[in-house]
Number of protein chains: 2
Amino acid sequence: MHKLNKNVTMSSASIPTIRRLPSYLYLVRKAKEEGIEIISGTVIANELDLEPIQVRKDLASTGIIGKPRVGYKVTDLIDAIEKFLNWDKKHNAILVGAGNLGSALLGYKEFTKNGLNFLAAFDVDEKKIGTSINGTKVHNISELEAFVRNEDVQIAVLTVRSGIAQDVADLISEAGIQTIWNFTKVKLKVPKDVLLLKEDLSSSYAVLSVYS
Amino acid sequence: MHKLNKNVTMSSASIPTIRRLPSYLYLVRKAKEEGIEIISGTVIANELDLEPIQVRKDLASTGIIGKPRVGYKVTDLIDAIEKFLNWDKKHNAILVGAGNLGSALLGYKEFTKNGLNFLAAFDVDEKKIGTSINGTKVHNISELEAFVRNEDVQIAVLTVRSGIAQDVADLISEAGIQTIWNFTKVKLKVPKDVLLLKEDLSSSYAVLSVYS
């Protein structure tokens, strides 16, 4: 589902651990809303169908230590996970390809409330350029390079059609963006210093088609 | 990213193999468009950054055998993968929750051209009920049970907000749908005979936030 191809300084946590942390955070935030102050690793494990030892290891990688036989203070746990994921900071992004999927991502509150900050969207469609989609203005893709030079953009979300995906990825990396979140089907070639994460809904659909 | 909780007769292929098959299919379909008639496992492996032995094993699970030192006939390979994935058949589905993400999925050609057939969408929003989104009519959710009784629906795609996700999942499984593709953040509880696949975009965003 994902692939990292950047020679990054690895985090103290493994990729699978990082991928599980949002589900812990969601659960603990919900506990907080319900007025719960302390939560145990075992309760979290039961809710998420994981082994308690797994949960404790995953949470330990954020730096938090639970009290034996008691658990974690809910507010501390939320802070620890948010901090570890950098979800307490803004991540400036642009979206390229303002079609159906792109528009959905621009309005996806789960991202925006966890720091993802869309500065602009880009498209080639004259009908979309100049309009706003879920609060983000759509620019002509010809303005992308100049925009990136003037703004601090960390992430490009790529939701263009497959036929132009590689060309757009080249444009994005030449403009200096270091991270591409690829929602197209194309296996992109990018420079080694660009972090590439591929999201592939087709692979889940394959599992459904085989088993349903 | 996904989780199966149904006691299904396992396919001859592992889940990771099934998840890789769409990328092979995409590549081989593209080769066909370019007029290529024979493709080798090594070429596929190089394009997708996989080991050749992995590619040959994955493809063998669809029943196809390549010619040593030559490769696979492109048209045969496409047929074998499509057949194995059941992408040569229709999969009748409903979508529940016609918001941004739901609307994007209704129009996602990558699914529809591989057999996913949305019969209807359901929502509670009076403004949406009766309209069509990307060619699929939106019904009042109160009609869901009767609809499912009268139509042959295999898959429910769940894109409602988290607060009502479990209630809607209950409604869906009681109506008799055997497969739920869950795009919400909620860890759903469903009967053992329901196949549940969870799609979690937040876990990818977590990886991006840590490394970008």
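Calculation notes
Residues numbered from 1 in each chain as written. Chains lettered and ligands numbered in written order. Predicted model: local features only at pLDDT ≥ 70, side-chain atom pairs only at ≥ 80, totals over all residues. Heavy atoms only, no water. UniProt positions renumbered as here; feature names shortened; annotations may be inferred. Helix = DSSP H or I, 4+ residues; strand = E, 2+ residues; numbered from the N terminus. Salt bridge = Lys/Arg side-chain N within 4 Å of Asp/Glu carboxyl O. Buried < 20%, exposed > 50% of the residue type's maximum accessible area, 1.4 Å probe, protein only.

> Got a minute to help me understand the UniProt feature "domain: CoA-binding" (unreviewed entry) in chain A in this structure?
Listed under "domain: CoA-binding" (unreviewed entry) in the UniProt record, and renumbered for this structure, are residues 86-187 of chain A. Taken as a whole, residues 86-187 of chain A contains 31% helix and 28% strand, while its terminal C-alpha atoms sit 27 Å from one another.

> Please clarify how the pattern of salt bridges should be interpreted in this entry.
Opposite charge on two side chains lets them pair, provided their charged atoms get close. Throughout the structure, instances matching the rule amount to 14 salt bridges over all chains. Across the pair Glu-145 of chain A and Arg-149 of chain A runs a salt bridge whose closest N-O atoms are separated by 3.9 Å. Here Arg-149 of chain A and Glu-145 of chain A lie together in helix α7 (residues 144-150), a separation of four residues that amounts to about one turn. Owing to a relative accessible area of 37%, Glu-145 of chain A belongs among the partly exposed residues under this scheme. The class for Arg-149 of chain A is exposed, based on a relative accessible area of 62%. The partner of Glu-110 of chain B in a salt bridge is Lys-113 of chain B, with the nearest N and O atoms 3.8 Å apart. Residue Lys-113 of chain B is classed as exposed on the basis of its relative accessible area, which comes to 53%. One continuous salt-bridge network, built from bridges that share partners, spans Glu-110 and Lys-113 of chain A together with Lys-185 of chain B.

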